[in-house]
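Residues per chain are reported as follows:
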Amino acid sequence: MICLNSFATFEYNENSINELLLRLIDKYPLYFQEVERIRKIICLFKIKESDLITLIIESDHIDRQYRDSYYSYFSQKYSDFEHNCFRLAFFEGELKHTDFMLDISKIEKECFIGTIVLRPLNVGNIGHTLLNPHKLKITGYIQTCNFEVLICGRKLVISAFPYLSQDNETMTCAETSLFNLIQYYSEKYCEYRLLMPSEILKTLEESSYERVLPSPGVDDVCMAKVLLSAHLHPRLYSFDNENQEEFEDLFYTYVESGIPFILGLPQHAVICIGHSSVDFAISHH
């Protein structure tokens, strides 16, 4: 039986990953409802084939984002929802409980890959996720800030950009982008505070003529209002064929400035947090 803060070590290969996930699905089916997405995240780790990874499992994790959504929405539904989450913490190499009783600076700097929170939801199963981009098979320039996480009673710091999947009830892509962006600024700068999902919905409700739950989605103007309530002072820019070149220059300026921003796509909203690697060998004329 896998219990609170239990350790599991596995080889980094397809068979070991699949075997681990099958065991976890069997013991905790409520928290492993989007297994393929979890597997794809693990397969992004920049680890050599057959090297060891230590997984620390916290089976009764309190996640403040989910707990806020639970009390404002899920607890009032006719179906029963668990109020706790499930957290996975990944480290390079083989670690034991005793390693966290010693100096953890080396573990923090060299071994810590990140954490994945799993919510008891069949849509939006993957909750608050923090992954060190230097430990992933990605190249480029990504904006990050430092987050403190408590694992086995020890405080670890990880440099990451927060990720959270949408549940399509309390948070669509727009609310999810707003929450992640505001969380980034609140962690990086002391001048800003985090707005919880219920606070974001309350701001949206002030200008809405219908109930905001389940969420019908959020337009650009309402998203700007939420950012303004977080004291971020946003500005909206629109794209059309007539000002395409001007818009592209503006877009490039924002990306290179290192300021994360929300990009409104047709029927979707995402956060732009950087760009891929630059080929300096290419000559520009």
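This text follows the structure it describes.
In this report, the structure presented in the accompanying data block is examined. (Residues numbered from 1 in each chain as written. Predicted model: local features only at pLDDT ≥ 70, side-chain atom pairs only at ≥ 80, totals over all residues. Heavy atoms only, no water.)

A look at the side chain of Ser6
Here Ser6 is to be found in strand β1 (residues 6-11). Beyond its immediate sequence surroundings of up to four residues, Ser6 is in contact with Leu55, Ile56 and Ile57. (Helix = DSSP H or I, 4+ residues; strand = E, 2+ residues; numbered from the N terminus. Contact = heavy atoms within 4.5 Å.)

Side note on the sheet that holds strand β2 (residues 52-61)
Ordered by their spatial adjacency, 5 strands build an open sheet running β1-β2-β3-β4-β5, and the pairing between neighbours is antiparallel. Only two strands of the sheet have a single partner each, and these edge strands are β1 and β5 (126-131). Strand after strand, the sheet turns through a mean of 20 degrees between neighbouring axes, direction not considered. Bridge count for β2 against strand β3 (residues 85-92) is 7 bridges, and the pairing is antiparallel. Looking at the pairing, Ile53 lines up with Glu92 of β3. Packed on one face of the sheet, helix α1 (residues 14-27) meets β1 and β2 and runs near 150 degrees to β1. (Pairing = 2+ DSSP bridges. Axes fitted to C-alpha atoms, helices over the stretch in contact; angles between N-to-C directions.)

What to know about the pairing of strand β4 (residues 112-118)
When you tally the buried positions in β4, you get 7 out of 7 residues, the bulk of the element. Across 6 bridges, β3 lies against β4 in antiparallel orientation. By the bridge assignment, Phe90 is partnered in β4 with Gly114. In terms of strand pairing, β4 meets β5 through 4 bridges, oriented antiparallel. Of the residues in β5, the one forming a bridge with Gly114 is Leu131. (Buried < 20%, exposed > 50% of the residue type's maximum accessible area, 1.4 Å probe, protein only.)

With respect to empty space enclosed by the protein
According to the stated counting rule, one finds 1 cavity of 30 Å³ or more in the structure shown. The volume enclosed by the largest cavity comes to roughly 40 Å³. Taken together, the residues of the lining of the largest cavity break down into 7 nonpolar, 3 polar and no charged. (1 Å grid on protein atoms, 1.4 Å probe; cavity = no way out; pocket = protein on both sides within 12 Å on 5 of 7 lines; lining within 4 Å. Points joined across faces, edges and corners; volume = space filled by probe spheres on them. Nonpolar A, V, L, I, M, F, W, Y, C, P; charged D, E, K, R; others polar.)

Some details on the nonpolar core
Ranked by size, the top nonpolar core spans 50 residues in total, and within it Phe91, Phe100, Ile151, Leu156 and Ile182 carry the most contacts. Sort the elements by how many residues they give to this core and helix α5 (residues 173-188) lands first, with 8 residues. The residues touching Phe100, leaving out its near neighbours within four places in the chain, are Phe7, Ile56, Phe91, Leu95, Ile151, Cys152, Arg154 and Leu156. Within the second largest apolar cluster, 26 residues are counted, among which are Leu20, Leu21, Ile42 and Leu131. (Core = buried A, V, L, I, M, F, W, Y, C linked by side-chain atoms within 4.5 Å.)

Focus on the environment of Asn18
By the secondary structure assignment, Asn18 is in helix α1. Classification of Asn18 by relative accessible area gives partly exposed; the value is 27%. Between the alpha carbons of Asn18 and Val35 there is a distance of 9.7 Å; along the sequence they are 17 residues apart.

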